[in-house]
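Okay, here's what each chain looks like letter by letter:
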Amino acid sequence: MKYLVMVQGTQADYEAMRGKASAHSPAWSEEELQTMFAYMGAINDDLAETGELVDGQGLAEPAQTRHVTLGDDGKAVITDGPYGETKELLAGYWVLECASLERVTEIADRVARCPQPAGAPDYPVVIRPIMDGSGDI
């Protein structure tokens, strides 16, 4: 079974990683940022070794994205940012092929333990099975 494992964040989190603190998130030091990258890199290396990693990427900050919907007139309405009803967004993901939901939950638990500065917000790691066609509905 394939699973999408997602991590969340906000624009303030990306800014904090660049050293700009906010009421939402403390500024990250270069050492904290490198520790986080090393931690996530180790997860990727382990998943590649076990053959469970299909794909995984961090995503660009919200300021570089767009939200596209249709207006009442049927024309595209384009706004900055990927926001729907919330300021949290998908910050990165893995597509994993795991033997069970229990295994992918173990991996998500490890992702959730990623080091970060004291006071930084905690977001859930979301697991979604990937359907293999309309028969999975």
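Please refer to the structure higher up on the page.
Since the structure is predicted, the reported quantities are computational estimates derived from the model, not experimental observations. (Residues numbered from 1 in each chain as written. Predicted model: local features only at pLDDT ≥ 70, side-chain atom pairs only at ≥ 80, totals over all residues. Heavy atoms only, no water.)

> Quick question: what am I supposed to make of the environment of V104 here?
Along the chain, V104 falls in helix α3 (residues 101-112). Take V104: its relative accessible area is 0%, and that puts it in the buried class. (Helix = DSSP H or I, 4+ residues; strand = E, 2+ residues; numbered from the N terminus. Buried < 20%, exposed > 50% of the residue type's maximum accessible area, 1.4 Å probe, protein only.)

> Mind showing me how you'd approach the sheet that holds strand β6 (residues 126-129) here?
Sheets are built from strands that pair by backbone hydrogen bonding, the pairs being arranged parallel or antiparallel. The four strands are arranged β2-β5-β1-β6 in an open sheet whose pairing can be described as antiparallel. With one partner strand each, in any of the chains shown, β2 (53-58) and β6 form the two edges of the open sheet. Within the sheet, the average angular offset between the axes of one strand and its neighbour, ignoring direction, is 20°. With eight bridges joining them, strand β1 (residues 2-9) and strand β5 (residues 89-97) adopt antiparallel strand pairing. Residue pairing in the sheet places Q8 in a bridge with L90 of β5. Strand contacts of helix α2 (residues 30-50): β2 and β5, with the helix running at about 25° to β5, the strand carrying the most contacts. (Pairing = 2+ DSSP bridges. Axes fitted to C-alpha atoms, helices over the stretch in contact; angles between N-to-C directions. Contact = heavy atoms within 4.5 Å.)

> Please clarify how the pattern of salt bridges should be interpreted in this entry.
When the charged atoms of two side chains lie near each other, side chains of opposite charge can form a pair. Evaluation of the coordinates by the stated rule reveals five salt bridges. A salt bridge links E52 to R103, with the shortest nitrogen-to-oxygen separation between them at 2.9 Å. Linking E52 in the loop between α2 and β2 with R103 in helix α3, this pair joins segments that are 51 residues apart in sequence. Classification of E52 by relative accessible area gives buried; the value is 9%. Exposure remark for R103: the relative accessible area of 26% places this residue in the partly exposed category. For E106, the salt bridge goes to R103, with nearest N and O atoms at 3.2 Å. Taken together, the residues E106 and R103, both in helix α3 and three residues apart, mark about one turn of the helix. (Salt bridge = Lys/Arg side-chain N within 4 Å of Asp/Glu carboxyl O.)

> It is not clear to me how the nonpolar core should be interpreted in this structure. Could you clarify?
A general trend in soluble globular proteins is that nonpolar side chains are found buried together. The biggest cluster of nonpolar side chains holds 19 residues, and the ones touching the most others in it are M40, W94, L96 and V111. Secondary-structure elements contributing two or more residues to this core are β1, α1 (11-17), α2, β5 and α3. The leading source of residues in this core is α2, at five residues. Non-local contacts of W94, meaning those with residues more than four positions away in its chain, are made with Y3, L4, V5, V7, M40, I43, N44, L47, L53, D55, G56 and V111. (Core = buried A, V, L, I, M, F, W, Y, C linked by side-chain atoms within 4.5 Å.)

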